[in-house]
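Overview (structure and organization)
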Amino acid sequence: MASLFSELKVRDILLRNRIAVSPMTQFSSPDGLVTDWHLAHLGSKAAGGAGMVVVEQAAVAPEGRMSTTCAGLWNDEQGAALGRIARFVSSVGCVPGIQLGHSGRRGCVEPPWNGGGHLPPDHPEAWEMIGPSAIPFGGVMHRTPREMTAEDIKATVSNYAAAARRARDAGFEWLEIHAAHGFLLSSFFSPISNHRTDEYGGDFAGRSRLLVEVIEAVREEWPERLPLSMRFGVTEFAPGSQTVEESIELARLLKPRGIDLVDVSFGGNSGKAQTPWEAEGFMVPAAERIRKEADILTAANWNLADPQFADAILREGRVDLVMLGRPMLANPHWPVYAAMVLGEERPYDMLPVQFSTWLNKYQRSRVNDGFGHITGRATPPEAAAAE
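Remember, it's a predicted structure, so these values are computed and weren't measured experimentally. (Residues numbered from 1 in each chain as written. Predicted model: local features only at pLDDT ≥ 70, side-chain atom pairs only at ≥ 80, totals over all residues. Heavy atoms only, no water.)

1. Observations concerning the overall build of the protein
- Within the protein, the regular secondary structure consists of 12 helices and 12 strands.
- For the protein, whose C-alpha radius of gyration is 21 Å, the value lies close to the compact-globule estimate of 21 Å for 387 residues.
- Principal axes of the C-alpha set define a box for the protein whose edges measure 75 × 50 × 40 Å.
- Put simply, of all contacts in the protein between residues at least 6 apart along the chain, 69% involve residues at least 24 apart.
- For the protein, the exposed area adds up to about 16000 Å²; of that, 52% sits on carbon and sulfur atoms.
- Across the protein, the mean location of the 37 positive side-chain charges is 3 Å away from that of the 47 negative side-chain charges. (Helix = DSSP H or I, 4+ residues; strand = E, 2+ residues; numbered from the N terminus. Rg over C-alpha atoms; globule rule 2.2 N^0.38 Å. Contact = heavy atoms within 4.5 Å. Areas by Shrake-Rupley, 256 points an atom, 1.4 Å probe, with all protein chains shown as cover. Lys, Arg positive; Asp, Glu negative; His and termini not counted. Charge placed at Lys NZ, Arg CZ, Asp CG, Glu CD.)

Shown next as structure tokens:
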């Protein structure tokens, strides 16, 4: 029976626990180059005890970025910059992963703190967006993408393969393909955004064709001994979307082509989606179905911050890995916090020796659920004097 602190071996890679840091776009990569910000951001989570850290979606082409300051992996200079992160993450006992993607019609936007809308077509840094069909996303992303040609599709498949090769050469040990959240591969699979009448649209076989071709091309470049996963939008929570049954069938189709784990999320292709954002672990039921019915490893996302809940879904065999984003932003040492909540005997042992040596020696630092002597209010002078 697996638990939050059980190891997980996939192909030749061993994760020290079942806690992975989700890829989180930072909008802080000029010319697609990750910087010291990313080293500090991702390095803190790796040193904080996670089993794996996945670098944010790296665009496989310039027009595949979300914004002008999003990470890329379409050239060797970007690969060299990312290699620094892979080396540090690995040096502290954490598995370095990276996500590859293409924004499609959700690209060419401002950072979220500036509204997240499309840049106007006449903006000096704007580019032409592409997608399966000439259908705008809607809302603040109102521009209409150009429907991709056969040549565009062929180039995109090649771009994914080239980026996978650069990820391999940079030292990453886990690769994830982004096919969720309204990005290009997700938009091809969704009947909401894909109205094509050629071999890349229409029925299940047509809408899944690009994903199959990308996975096959990536697997040719990505070493056999290393895991390959797919972040997959299994439903839109909206009428007319792909069904969970179709998503299960796609997982079955991709497993023999080299996908080892499905990182289950939402499609994100409809502005009318009724996503249950407040529900704890709202993607867990779909992840459980895919795990059982497609006989493949799954990861769950979204609202998994409660250690007892995260541990329970692993012990119950509903998922194999938990992916955490915002909880790790709030507390890079969330794994230590979870270990304390769950009664692990030596929670600090998962940290680098530079931390664990002193934390194990001074057990008073374990007060307040692992947050030391930090409280929500100022310490009264008399209490401070007593310390």
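Next, the rest of the story.
2. A closer look at the sheet that holds strand E12 (residues 321-324)
- Pairing is parallel in the closed barrel, where eight strands are placed in the order E3-E4-E5-E8-E9-E10-E11-E12. Averaged over all pairs of adjacent strands, the angle between their axes in this sheet comes to 30°, without regard to strand direction.
- Summarising the sheet, strand E4 (residues 52-59) and strand E5 (residues 95-101) pair through six bridges and their orientation is parallel. Looking across to E5, one finds that Met52 is bridged to Val95.
- Each of E5 and strand E8 (174-179) is contacted by helix H3 (residues 150-170), which is oriented at about 165° to E5, the strand it contacts most. (Pairing = 2+ DSSP bridges. Axes fitted to C-alpha atoms, helices over the stretch in contact; angles between N-to-C directions.)

3. A word on the pairing of E5
- Most of E5 is tucked away: seven of the seven residues are buried.
- Burial along E5 is two-sided: the face carrying Val95, Gly97, Gln99 and Gly101 and the face carrying Pro96, Ile98 and Leu100 are both buried.
- With respect to chirality, the unit in which E4 leads through helix H2 (residues 76-91) into the neighbouring parallel E5 is right-handed.
- Here E5 pairs with E8 via four bridges, running parallel. Across the sheet, Leu100 pairs through a bridge with Ile177, a residue of E8. (Buried < 20%, exposed > 50% of the residue type's maximum accessible area, 1.4 Å probe, protein only. Right-handed = clockwise from strand over helix to strand, strands pointing away.)

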